Amino acid sequence: MKKLIALALTAMTMMPFAGMAQDVNTSEAPAMPKTLFPYPVAPDTIKTFENRVNYIVPRFWEKYDLSKPIADLQAFDGAFRDYLGFMRYCHKNVAISSVRDFIFKAQSNMGNFDKIMKLADQDLYQVGAEYWSDDLYSEFLKAASKNKVMSNESRKYYSKQLERINRTLLGGSLAEVEYYNLDGNKVKLRDIEAEMLFVYISKDADSDHSFERVRLSTDVNINYVLSDGKVKLLCLSPEKFNKEWAKHALEYSDKWIVGTCEDFAVDGSYDVRFVPSFIVLDKDKNIIQKNVGLDALKAAFER
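Numbering of residues starts from 1 in each chain and follows the order in which that chain's sequence is written. Side-chain atom pairs in this predicted model are given and counted only at pLDDT of 80 or more, local residue features only at pLDDT of at least 70, and totals for whole chains, interfaces and linings cover all residues. As a rule here, side-chain values cover all heavy atoms of the structure and leave hydrogens and water aside.

**Examining the overall build of the protein**
Link 1 in the chain: A tally of helices and strands in the protein yields eleven helices and seven strands.
Link 2 in the chain: A separation threshold of at least 6 residues defines the contact pool for the protein, and within that pool the share at least 24 residues apart is 68%.
Link 3 in the chain: Approximately 15,800 Å² of the protein is accessible, and the part contributed by carbon and sulfur atoms is 51%. Put simply, DSSP H or I for four residues or longer makes a helix, DSSP E for two residues or longer makes a strand, and each gets a number counted from the N terminus. Should any heavy atoms of two residues lie within 4.5 Å, those residues are considered in contact. Residue exposure ignores everything except the shown protein chains as possible cover, and the areas themselves are Shrake-Rupley values with a 1.4 Å probe.

Structure below.
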């Protein structure tokens, strides 16, 4: 059951570098829509989809001069999102190498680079992004945090973003996290013994969050899995501990572990892109999945 839940959650989240190798019939391909500049086309001698994308990605920006000021930001964003779209299907090494080359060329015009960094944040990290990829986003963040020409404010923001990503990498550990329990005592997350742990981040005072907590606490499938104690749920409020919170939290489900930790606020130390949301951990407190919504979690249990 636990392995099936993890697999279902992974499948429901957009993951980088899917590597979908398949044959394509180029003679039946639809006409390409109008783009900001001509995109590269793979030769007909390259047959598989993955290899065709591996050909296109490193050559994507060949027909665009990144040293000249971006005149139409909206059209450029369309091209940038198309570029990222190809990344889903190419080899990871090809994607990383291409992004590094793109970033190097983009820094020849700092006005452009500043705009591109905002697009990278928008299109690879924020909630409305079509595609989340820590690997690609981190490449942009590393370049920006080291760029001495950028404003101190921008470098500080991107450096903090990089720290958030690095603290919350898929496969990374949250064992050292500490939170306050209902008695106001500091507890280490590593002390929770479970074969799988769901960290549910939910604000106490928010009425919408209260409604979602009711939905979660009354879900038959989730309660069934929690009933034997092998899978546990830690409900964390991303706020300071106080007696009023503790009083309210006594009303939470008795099947949950409850606490507070400011570091899990959206602007805190960890990669929390929206609340309420879940981080899924294995028995060693390594991250299986993050930024999972309740509906996705419920669907995983139903599967």
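**A look at unusual backbone geometry**
Link 1 in the chain: In this structure, Pro276 follows Val275 across a cis peptide bond, with omega equal to 0 degrees.
Link 2 in the chain: Its location among the elements puts Pro276 in the loop between β5 (257-260) and β6 (277-282).
Link 3 in the chain: Despite not being glycine, Lys285 shows a phi value in the positive range, around 70 degrees.
Link 4 in the chain: Its place among the elements puts Lys285 in the loop between β6 and β7 (287-292).
Link 5 in the chain: A relative accessible area of 4% places Lys285 in the buried class.
Link 6 in the chain: Even without a glycine there, the phi angle at Asn291 is positive, about 50 degrees.
Link 7 in the chain: Mapped onto the elements, Asn291 comes out in strand β7. Burial here depends on accessible area, computed with a 1.4 Å probe over protein chains only, as a share of the maximum for the residue type. Under 20% is buried, over 50% is exposed, and the range in between is partly exposed.

**Details of the pairing of strand β3 (residues 196-201)**
Link 1 in the chain: With respect to burial, β3 is a largely interior element, six of its six residues being buried.
Link 2 in the chain: Here β3 shows a buried face lined by Met196, Phe198 and Tyr200 and a second buried face lined by Leu197, Val199 and Ile201.
Link 3 in the chain: Taken together, the six bridges between β3 and strand β4 (residues 231-237) define a ladder with parallel strand orientation. Bridge assignment links Met196 to a residue of β4, and that residue is Val231.
Link 4 in the chain: Pairing between strands is defined by DSSP: at least two bridges between them are needed. Pairing between β3 and β6: six bridges, direction antiparallel. Pairing of Ile201 across the sheet is with Ser277, part of β6.

**Regarding the nonpolar core**
It is characteristic of soluble globular proteins that their nonpolar side chains tend to be buried jointly.
Link 1 in the chain: Residues Trp61, Phe76, Phe80, Phe102 and Phe140 are the most contacted members of the largest nonpolar core, which totals 42 residues.
Link 2 in the chain: Looking at this core, the elements with two or more residues in it are α2 (49-56), α3 (73-87), α4 (92-106), α5 (110-124), α6 (134-146) and α7 (152-167).
Link 3 in the chain: Ignoring anything within four residues of it in the chain, the contact list for Phe140 reads Phe80, Val99, Phe102, Ile103, Ile116, Met117, Ala120 and Leu124.
Link 4 in the chain: Core analysis: the second largest hydrophobic core is formed by 22 residues, Val231, Leu233, Trp245 and Val292 among them. For our purposes a nonpolar core is just a set of buried Ala, Val, Leu, Ile, Met, Phe, Trp, Tyr and Cys residues, chained together by side-chain atoms within 4.5 Å.

**Considerations on the pairing of β5**
Link 1 in the chain: The sheet contact formed by β4 and β5 spans four bridges and is parallel. Bridge pairing links Cys235 to Val258 in β5.
Link 2 in the chain: In this fold, β4 hands off to helix α10 (residues 243-249), which returns the chain to β5; that crossover is right-handed. Clockwise travel from the first strand over the helix to the second, with the strands pointing away from the viewer, marks a crossover as right-handed.

**A look at the environment of Asn291**
Link 1 in the chain: Given a relative accessible area of 7%, Asn291 falls into the buried group.
Link 2 in the chain: Each C-alpha atom of the pair Asn291 and Val275 lies 8.5 Å from the other, and the pair is 16 residues apart in sequence.
Link 3 in the chain: Asn291 has contacts with Trp132, Asp271, Val272, Arg273, Phe274, Ser277 and Phe278, leaving out every residue within four places of it along the chain.
Link 4 in the chain: A polar contact is formed between the side chain of Asn291 and the backbone oxygen of Asp271, at a distance of 3.5 Å. Side-chain atoms alone can form a polar contact between residues adjacent in sequence; in general such a contact is a pair of N or O atoms within 3.5 Å, and within protein one must be able to donate a hydrogen while the other accepts it.

**Things to note about the environment of Ala42**
Link 1 in the chain: As for its position among the elements, Ala42 is in the loop between α1 (2-11) and α2.
Link 2 in the chain: As a C-alpha pair, Ala42 and Val53 span eleven residues in sequence and 7.7 Å in three-dimensional space.
Link 3 in the chain: When near neighbours in sequence (up to four residues on either side) are disregarded, Ala42 contacts Arg52, Tyr55 and Ile56.

**Some details on the pattern of salt bridges**
Link 1 in the chain: When a carboxyl oxygen of Asp or Glu lies within 4 Å of a side-chain nitrogen of Lys or Arg, that pair is called a salt bridge. With the rule as written, the count across this model stands at 17 salt bridges.
Link 2 in the chain: Here Asp271 makes a salt bridge to Lys290, at a shortest N to O gap of 2.7 Å. Of this pair, Asp271 sits in the loop between β5 and β6 while Lys290 sits in strand β7, placing them 19 residues apart in sequence. This pair shows no difference in class: Asp271 is buried, exactly as Lys290 is.
Link 3 in the chain: We note a salt bridge from Asp284 to Lys283, for which the minimum N-O separation is 3.5 Å.
Link 4 in the chain: Put simply, Asp134, Asp271, Arg273 and Lys290 are held in one network by salt bridges that share partners.

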